[in-house]
Amino acid sequence: MRIGINGSGMLAQPSVDGIIGDVVASEEAGFSSYWLAQTGLADALQLLGLAGRVTSAVELGTAVVPTWTRHPEVMAAGALTAQAASGGRIVLGIGLAHQTSVEDRWGMSWERPVKHMSEYLAILDSLLRSGTASFQGEIWNLEREAAVPDETAPPKLMLAALGRQMLEMAGRRADGTILWCVGPRTLEQQIVPIINDAAAAADRSTPSVVCSLPVCVTDEPDGVRQFVGQILADYATLPSYRAMLDIEGVHGVEDISLIGTEEEVGAGLDTIASAGATDFTAVVIPDASGPGRTLDFLRSRL
């Protein structure tokens, strides 16, 4: 199982130089990948494209960009530009977001989300692969032929998928899935068998399964776990994540986070790998002494 860094926490107070510096430091430390979510007004794809200009090896992924606010042509343009800027290291992770975001924040209708993603993916995948799309759907439409920046190979395309329909779509039509609020029981019982079976039925290669959780190596786990539970409490109320946490038999994200000594966090990583994750991306949570001990331990696992 490859280990990378999820730097999305830096977007709470975004600094372009700070984020790019964190990507550079992650590459220098030997981490396999660096991921950003589209959570605010700092554009994740643009940031990763910029970081790609000053790095050479680390994989650069979005985890994830919501589809509702970007037409697939706009999403493709951003991804292909970042792909060209980074020399071909982009993983475009996209997702449906949540009904509360779509309706309450963006004022859109949460209608037929699986159909929305299926049509979106048809257009996006065609544009990424060929620069062309001819699709007339019930939700999304496009007739387009355009030049691709630098004629680069298409970026990897991954879906945020938790339920059966989205997991099967990810297995049949994408390169894998990017997960949040998912522990080892859910990986083993739901995520991995469904997506792998779908990929095999479509004669595709084994998909990537990217698991992301908070991580803190510390001798004061109770305080860190309480902190994680407070700042991430809302996730336990969102239906898609609630269903995954229920499979784990826990209340919130703090209960499946990897928090404890080196031995305890290492055992957690081993369990996630055994459950079928191909990649783990750490959301590093500092304790009172900072993030250094956690980063040192994660580097020891590379």
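See above for the structure.
Calculation rules
Residue indices begin from 1 for each chain and proceed along its sequence in written order. A pLDDT threshold of at least 70 governs which residues receive local features in this predicted model, and a stricter bar of 80 or more applies before side-chain atom pairs are shown or counted, although totals over entire chains, interfaces and linings include all residues. Only hydrogens and water are set aside; all other atoms, that is, all heavy atoms of the structure, feed into the side-chain values. Only DSSP runs of H or I with at least four residues qualify as helices, and only runs of E with at least two residues qualify as strands; both kinds are numbered from the N terminus onward. The atom set for the radius of gyration is the C-alpha atoms, and the globule formula is 2.2 Å times the number of residues raised to the power 0.38. For every residue, the accessible area (1.4 Å probe, protein chains only) is compared with the maximum for its type, and the residue is labelled buried under 20%, exposed over 50%, or partly exposed between those bounds. In this analysis, two residues are considered to be in contact whenever any of their non-hydrogen atoms come within 4.5 Å of each other. Counted as positive: Lys and Arg. Counted as negative: Asp and Glu. His and the chain ends are not counted at all. A charge is said to be at NZ when it belongs to Lys, at CZ for Arg, at CG for Asp and at CD for Glu. Nonpolar cores are built from buried Ala, Val, Leu, Ile, Met, Phe, Trp, Tyr and Cys residues. Side-chain atoms within 4.5 Å join them into one set. Side-chain rings of Phe, Tyr and Trp, where Trp is taken by its six-membered ring, are said to pair if the distance between their centres is within 6.5 Å; with planes under 30 degrees apart they count as stacked, over 60 as edge-to-face, and otherwise as tilted. We define a polar contact as two N or O atoms separated by no more than 3.5 Å, with the added condition that, inside protein, one atom must be a possible hydrogen donor and the other a possible acceptor, whereas residues neighbouring each other in sequence contribute only through side-chain atom pairs.

Draft legend 1. View of the overall build of the chain. Across its full length, the chain carries 11 helices and 12 strands. Relative to the compact-globule value of 19 Å for 302 residues, the chain shows a C-alpha radius of gyration of 19 Å, a close match. On the principal axes, the C-alpha backbone points of the chain span a range of 60 × 40 × 40 Å. With 302 residues in all, the chain has 51% of them scored as buried. The long-range fraction of contacts in the chain, counting pairs at least 24 apart against all pairs at least 6 apart in sequence, stands at 72%. Averaged over its 20 positive side-chain charges, the chain has a centre that lies 5 Å from the centre of its 37 negative ones.

Draft legend 2. The arrangement of the nonpolar core in detail. In terms of nonpolar packing, the biggest core is built from 87 residues, with Leu92, Ile94, Leu124, Leu159, Leu187 and Phe280 touching the most fellow members. Looking at which element gives the most residues to this core, the answer is helix H5 (residues 113-130), with 7 residues. Residues within four places of Leu187 in sequence aside, it is in contact with Leu179, Val182, Val192, Pro193, Val209, Cys211, Ile272, Ala275 and Ala277. In terms of nonpolar packing, the next biggest core, distinct from the first, is built from 7 residues, Trp35, Val91, Met158 and Val210 among them.

Draft legend 3. Inspection of the packing of aromatic side chains at higher detail. In this structure the tally under the stated criterion is 4 aromatic pairs. Judged by centre distance (5.7 Å) and plane angle (75°), the rings of Trp180 and Tyr235 are edge-to-face. On the criterion of sequence distance, the pair formed by Trp180 in strand E9 (residues 176-180) and Tyr235 in the loop between helix H8 (221-231) and helix H9 (239-248) is long-range, its members being 55 residues apart. By relative accessible area, which is 28% here, Tyr235 ends up partly exposed. Linked through ring pairs, Trp180, Tyr235 and Tyr241 together constitute an aromatic cluster.

Draft legend 4. Molecular detail of the side chain of Ser257. Note that Ser257 resides in the loop between H9 and strand E11 (258-260). Of note is the side chain of Ser257, whose polar atom sits 2.8 Å from the backbone oxygen of Val253. The residues contacting Ser257, other than those within four sequence positions of it, are Pro214, Arg225 and Val228.

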